[in-house]
Amino acid sequence: MDCNYCDTQNSKTTENATNYTIDELNTEIQTLMSSDFDSLEITGGEPLLHADYIYEFLKKYPYKSMLETNATLPDELEKLTDVIDIVSMDIKLPEYFNSHENWRELYLKELESIKILEDTNTKYYIKIVVSPTTKKQDIADIMEDISKVASANTEIIIQPVSPMSLWEDKTKLFKISEIVGKSFNVSIIPQIHKYMNIE
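Remember, predicted model here, so these are calculated numbers, not experimental data.

**Examining the overall build of the protein**
Right, so step 1: Of regular secondary structure, the protein possesses 7 helices and 6 strands.
Right, so step 2: Among the 199 residues that make up the protein, the fraction classed as buried is 42%.
Right, so step 3: Long-range contacts, defined as pairs at least 24 residues apart, comprise 74% of the intrachain contacts of the protein with a sequence gap of at least 6.
Right, so step 4: Here the protein has roughly 11400 Å² of accessible surface; of this, 49% comes from carbon and sulfur atoms.

**Regarding helix α2 (residues 51-60)**
Right, so step 1: Considered for burial, the residues of α2 that qualify are A51, I54, F57 and L58. In a view along the axis of α2, the buried residues occupy a sector of 125°, so they form one face of it.
Right, so step 2: Residues of α2 that are buried make contact with α1 (22-32), β1 (40-42), β2 (65-69) and α3 (74-78).

**Here's the deal with α1**
Right, so step 1: Along α1, the residues that are buried comprise I22, N26 and I29. Along the axis of α1, the buried positions cluster into a sector of 60°, meaning they face one direction only. Exposed residues lying more than 90 degrees from the buried face of α1 are T27 and T31.
Right, so step 2: Buried residues along α1 sit against β1 and α2.

**A word on the nonpolar core**
Right, so step 1: Ranked by internal contacts, the top residues of the largest apolar core, which has 49 residues, are I128, M143 and I146.
Right, so step 2: Sort the elements by how many residues they give to this core and helix α4 (residues 100-119) lands first, with 6 residues.
Right, so step 3: Setting aside chain neighbours within four positions, we find I128 in contact with I91, L93, I139, M143, I156, I157, I158 and Q159.

**Remarks on the pairing of strand β6 (residues 185-188)**
Right, so step 1: Sheet analysis places strand β5 (residues 155-160) next to β6, joined by 4 bridges and oriented parallel. The residue of β6 that forms the bridge with I156 is V186.
Right, so step 2: The parallel pair β5 and β6, bridged by helix α6 (residues 171-181), forms a crossover whose chirality is right-handed.

**Focus: the pattern of salt bridges**
Right, so step 1: As enumerated under the stated definition, the model contains 9 salt bridges in all.
Right, so step 2: Notably, a salt bridge pairs D38 with K64, separated by 3.2 Å at the nearest N-O pair. In this pair, D38 is assigned in the loop between α1 and β1 and K64 in the loop between α2 and β2, connecting sequence segments 26 residues apart.
Right, so step 3: Exposure remark for D38: the relative accessible area of 47% places this residue in the partly exposed category.
Right, so step 4: Taking the relative accessible area as the measure of exposure, K64 reaches 43% and is therefore partly exposed.
Right, so step 5: For the salt bridge of K148 with D145, the shortest nitrogen-to-oxygen distance reads 4.0 Å.

**Side note on the packing of α1 against α2**
The angle between the axes and the distance between the axes are what describe a pair of packed helices.
Right, so step 1: One can describe the packing of α1 onto α2 by two numbers: an axis separation of 10 Å at closest approach and a directional angle of 65°. Seen from above, α1 lies across α2 with right-handed handedness. The residues of α2 that touch α1, namely those facing I22, D23, L25, N26 and I29, are Y53, E56, F57 and K60.
Right, so step 2: Split by residue class, the contact of α1 with α2 holds 5 nonpolar, 1 polar and 3 charged.

Criteria and thresholds
Residues numbered from 1 in each chain as written. Predicted model: local features only at pLDDT ≥ 70, side-chain atom pairs only at ≥ 80, totals over all residues. Heavy atoms only, no water. Helix = DSSP H or I, 4+ residues; strand = E, 2+ residues; numbered from the N terminus. Buried < 20%, exposed > 50% of the residue type's maximum accessible area, 1.4 Å probe, protein only. Contact = heavy atoms within 4.5 Å. Areas by Shrake-Rupley, 256 points an atom, 1.4 Å probe, with all protein chains shown as cover. Arc of directions from axis to C-beta. Core = buried A, V, L, I, M, F, W, Y, C linked by side-chain atoms within 4.5 Å. Pairing = 2+ DSSP bridges. Right-handed = clockwise from strand over helix to strand, strands pointing away. Salt bridge = Lys/Arg side-chain N within 4 Å of Asp/Glu carboxyl O. Axes fitted to C-alpha atoms, helices over the stretch in contact; angles between N-to-C directions. Left-handed = near helix turned anticlockwise from the far one by under 90°. Nonpolar A, V, L, I, M, F, W, Y, C, P; charged D, E, K, R; others polar.

See the structure below:
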């Protein structure tokens, strides 16, 4: 999708990819295993481009797992609802797209994904990356749409783009969270991996 805040530029191409069979992937995961293992995070790029592979892998190796997705491929997401424990899904804002039409098309797919997760009782939360230029009205409009398909106890995480020095008016984050908090549980969580210098 080439969002302007993307921090994994090398995930936009398969040139740096390593292909694994399902068994090879499990062997690789086992080399990383530690005693405090809780769950396997499946992220990308966009993992739903590989939904069939993920499904086969988790059917054979049923790790407790979390899928991190932009949620713009609802049909692929639906394939995974019985093998994934929790979904971390994005709602992308219109400011990250060159064309409002392109954004609207993808946004409607994200709303469809929420409905699928609700209908299948799959645990999920929604992440919205905001910037100092984010319009409060855009957030309000999106909350109105989400409230039509999501349950009231849905967790929404507001994630400010880093570094925080970009935010001259840090009170804007609280104003955005107030808008979200009128309808949903809300948290503000910065991009911790950037503070830790982890890709």
